[in-house]
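Letter by letter, the chains look like this.
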Amino acid sequence: MIHLLILRDRKPGHYKKSEAIAQAITRSRPATTSRLDVRMKFAAYHNLLKLYLRQHRTLPGLTWLKAIYRLPHGLPDTPDLIISSGGKTAFINAWLAQHYQCPNVFIGDSRGISNEYFSRLVVHDDQHPQDPRFVTAPIPTEITSHLLKRAEADYLTGKPAPFAQTSHWTLLVGGRSGGYRYTRADWSDLANSLPVLAARFNIRWLITTSRRSDRICEQLLSTPEVRRSVDELQFVRTDPRRIYNALLARGSTIFCTEDSGTMLTEAAATGKPVVSLRPRKADATPALDALLDYYVHRGQMQRIPLKDLIRLDVPSLTAHAVPDANESLVEVSARIQELLPAAA
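## Concerning the overall build of the chain
Then step 1. Each helix and strand in the chain was counted, giving 13 helices and 14 strands.
Then step 2. Taking 20 Å as the expected radius of gyration for a compact globule of 344 residues, we find that the chain reaches 22 Å, a close match to that expectation.
Then step 3. Seen through its C-alpha atoms, the chain measures out along the principal axes to roughly 60 × 45 × 40 Å.
Then step 4. Counting only residues that meet the buried cut, the chain has 52% of its 344 residues in that class.
Then step 5. Of the contacts made within the chain by residues no fewer than 6 positions apart, 68% connect residues no fewer than 24 positions apart.
Then step 6. Carbon together with sulfur atoms contributes 51% to the accessible area of the chain, which is approximately 16500 Å² in total.
Then step 7. With 45 positive and 33 negative side-chain charges, the chain shows a spacing of 6 Å between the two charge centroids.

And the structure:
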């Protein structure tokens, strides 16, 4: 039996990718998984480490690691494989792999640390076709068809029969993040569009927000005009129900504000058409831009400014479903397991 070690920062959008890969591996062979929460003592250490590696091209000793990271429970037991995502985990991923002399996986762009420190890098672009360390695939996610079917079945329990027969679209609402800023005008554009589109496409809305969704957004989505076209409205700030996966399962088309790469990836993992919605002030990071371009290029996603959403009609809804959207995770798992001893 092999042992997997997941390094986690404080961002679910990062460590959920690692969990998805670990789950894919454990579905194909016996394995145990442990998790190490990692946090730098000072954020400035991140840039200092990048500067150090540019000058020395080798990782410093283990004593430095303990000085830079908070490790209240010390180092974990020796793993057979280390997995992580998120720039703040890249250094400790490489550091521990060097210490334990074991293979390691990083999901995304290693940003500031040489690719040579990683056994596999899982990316969604194909800029390194000749480098065997790179695995090109959609961003890993825990969303699977089995999980969605189970979530939808649980959600429909107790619902009246007409609800299950209704055509639904799902809306995932984020909020301020990075270069994305939402004004009252942006949220008004969204709220005004919902009843219009519901009537135009003969659907009803299932809506969930995030902890970044502000109170102006909640206020405008709560108006009677919007409510008349909505069958589910969850404000996660005050409603703790775990229905996110069920709403992904129920909606035949998924709309998602563009600020969250995690929500966009999870929406795309359903294989359904996805429409991303951007506010007037939207400055995507290179990583988010590449992610959006990936899904747009394969035809599953289209990008729409919030101010233009109300004009969406049948001819202009061009996003289409993609079968087996998350099946590539099996291939990713197989490529990673090439690093490990053969299963007994």
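There is more to say after this.
## Regarding the pattern of salt bridges
Then step 1. All told, the structure shown has 18 salt bridges when counted by the stated rule.
Then step 2. The salt bridge partner of Asp186 is Arg280, with a shortest N-O separation of 2.8 Å. With Asp186 in helix 7 (residues 184-201) and Arg280 in the loop between strand 12 (274-278) and strand 13 (281-283), this pair connects stretches of sequence that are 94 residues apart.
Then step 3. With relative accessibility at 1%, the residue Asp186 sits in the buried group.
Then step 4. With a shortest N-O distance of 3.6 Å, Asp308 and Lys307 are connected by a salt bridge.
Then step 5. Within this structure, Lys159, Glu232, Asp239 and Arg241 form a network of salt bridges that share partners.

## Examining the sheet that holds strand 11 (residues 254-257)
Then step 1. Here we have six strands laid out as an open sheet, ordered 10-9-7-11-12-14, and parallel in their pairing. Looking at the sheet topology across the chains shown, the edges are occupied by strand 10 (230-234) and strand 14 (301-305). Between one strand and the next, the sheet's axes are offset by a mean angle of 20°, whatever the strand orientation.
Then step 2. Examined bridge by bridge, strand 11 and strand 12 share four bridges and lie parallel to one another. Looking at strand 12, one finds that Phe255 is bridged to Val275.

Rules of the game
Residues numbered from 1 in each chain as written. Predicted model: local features only at pLDDT ≥ 70, side-chain atom pairs only at ≥ 80, totals over all residues. Heavy atoms only, no water. Helix = DSSP H or I, 4+ residues; strand = E, 2+ residues; numbered from the N terminus. Rg over C-alpha atoms; globule rule 2.2 N^0.38 Å. Buried < 20%, exposed > 50% of the residue type's maximum accessible area, 1.4 Å probe, protein only. Contact = heavy atoms within 4.5 Å. Areas by Shrake-Rupley, 256 points an atom, 1.4 Å probe, with all protein chains shown as cover. Lys, Arg positive; Asp, Glu negative; His and termini not counted. Charge placed at Lys NZ, Arg CZ, Asp CG, Glu CD. Salt bridge = Lys/Arg side-chain N within 4 Å of Asp/Glu carboxyl O. Pairing = 2+ DSSP bridges. Axes fitted to C-alpha atoms, helices over the stretch in contact; angles between N-to-C directions.

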